[in-house]
Amino acid sequence: MNPKDLNDIAHRIADAAMEFAPSHRPTARQVADAAAVLRDMIQAAGMHGVTFADFDRVAHFARLAIQLVQSRDESR
């Protein structure tokens, strides 16, 4: 994954974090973890010919990554 893609992921996660109500916004740690989750999902999907553009056509994966991390933290 190139630096442009990583920067894009960081921006998407930051933008998605601001979509949450103030009382449900992710912590800085959750934002970092969500960015890593999204990066890893895209890299894994790439083995099957799936691109970042394909992710965009299906769902808001940046928001999903945040929700996954928040769910993980709530269950601990």
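Below is a summary of the structure that appears in this document.

Considering all chains together, one arrives at eight salt bridges under this definition. We note a salt bridge from Arg63 to Glu19, for which the minimum N-O separation is 3.4 Å. Note that Arg63 is positioned in helix 4 (residues 61-74) and Glu19 in the loop between helix 1 (3-18) and helix 2 (28-46), a separation of 44 residues in sequence. Of the residues examined, Arg63 reaches a relative accessible area of 25% and is grouped as partly exposed.

Among the secondary structure elements, Gln30 is positioned in helix 2. By relative accessible area, Gln30 is classed as buried at 10%. In terms of polar contacts, Gln30 uses its side chain to reach the side chain of Asp73, at 2.8 Å. Those residues in contact with Gln30 that sit more than four places away from it in its chain are Arg25, Val69, Gln70 and Asp73.

What counts as what
Residues numbered from 1 in each chain as written. Predicted model: local features only at pLDDT ≥ 70, side-chain atom pairs only at ≥ 80, totals over all residues. Heavy atoms only, no water. Salt bridge = Lys/Arg side-chain N within 4 Å of Asp/Glu carboxyl O. Helix = DSSP H or I, 4+ residues; strand = E, 2+ residues; numbered from the N terminus. Buried < 20%, exposed > 50% of the residue type's maximum accessible area, 1.4 Å probe, protein only. Polar contact = N/O pair within 3.5 Å; in protein donor to acceptor, adjacent residues only side chain to side chain. Contact = heavy atoms within 4.5 Å.

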